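# Fold and geometry: a report
Given next are the chains, with one letter for each unit.
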Amino acid sequence: QVQLVESGGGLVQAGGSLRLSCAASGRTFTNYAMGWFRQAPGKEREFVAAINWNSVTLHADSVKGRFTISRDNAKNTMYLQMNSLKPEDTAVYYCASRQGSYSRNSRLYDYWGQGTLVTVSS
């Protein structure tokens, strides 16, 4: 079992920055690929970024160049640095984990955090 806890969400103006964290506990963090997903009101959950155990990363086109995913295996923590935020980035952000390689498909992730709300005002 893996427990995931997100933090770092909040209210920010357009153009601002936030850094989300996802703290993992339970099974060996390094064995798991990690991902960030988000869900805006009335919309389906969508892929944001993912990272393998060896820090190979994948970012959605909508956030490429603005968001950066990273992980610190020694701290069992994953991060999402979000710069140049836009109102359309407003959503609940979830971290997730799965054994094996990363994926854009949320259905392939086994463990999920409770989510953290990011609100970007115009």
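Before any of the text, the structure's been laid out above.
Read on for a plain summary of the structure. Because the structure is a prediction, the values reported are computed rather than measured. (Residues numbered from 1 in each chain as written. Predicted model: local features only at pLDDT ≥ 70, side-chain atom pairs only at ≥ 80, totals over all residues. Heavy atoms only, no water.)

## Points about the pairing of strand S8 (residues 77-82)
Side-chain direction in a regular strand flips from residue to residue, so the side chains alternate between the two faces of the sheet. Within S8, 5 of the 6 residues are buried, leaving the element largely enclosed by the surrounding structure. As paired elements, strand S3 (residues 18-26) and S8 share 6 bridges and run antiparallel to each other. Bridging from a neighbouring strand, Ala23 pairs with Thr77 of S8. Pairing of strand S7 (residues 67-72) with S8 involves 6 bridges; the strand directions are antiparallel. For Arg71, the partnering residue across the bridge sits in S8 and is Met78. (Buried < 20%, exposed > 50% of the residue type's maximum accessible area, 1.4 Å probe, protein only. Helix = DSSP H or I, 4+ residues; strand = E, 2+ residues; numbered from the N terminus. Pairing = 2+ DSSP bridges.)

## Regarding the sheet that holds strand S1 (residues 2-7)
Strands sit in the order S1-S3-S8-S7 across an open sheet of 4 strands; the sheet is antiparallel. With partners counted over all chains shown, the strands left at the sheet margins are S1 and S7, one partner each. Averaged over all pairs of adjacent strands, the angle between strand axes in this sheet comes to 15°, irrespective of strand direction. (Axes fitted to C-alpha atoms, helices over the stretch in contact; angles between N-to-C directions.)

Remember, this is a structural readout, not a statement about activity or role.
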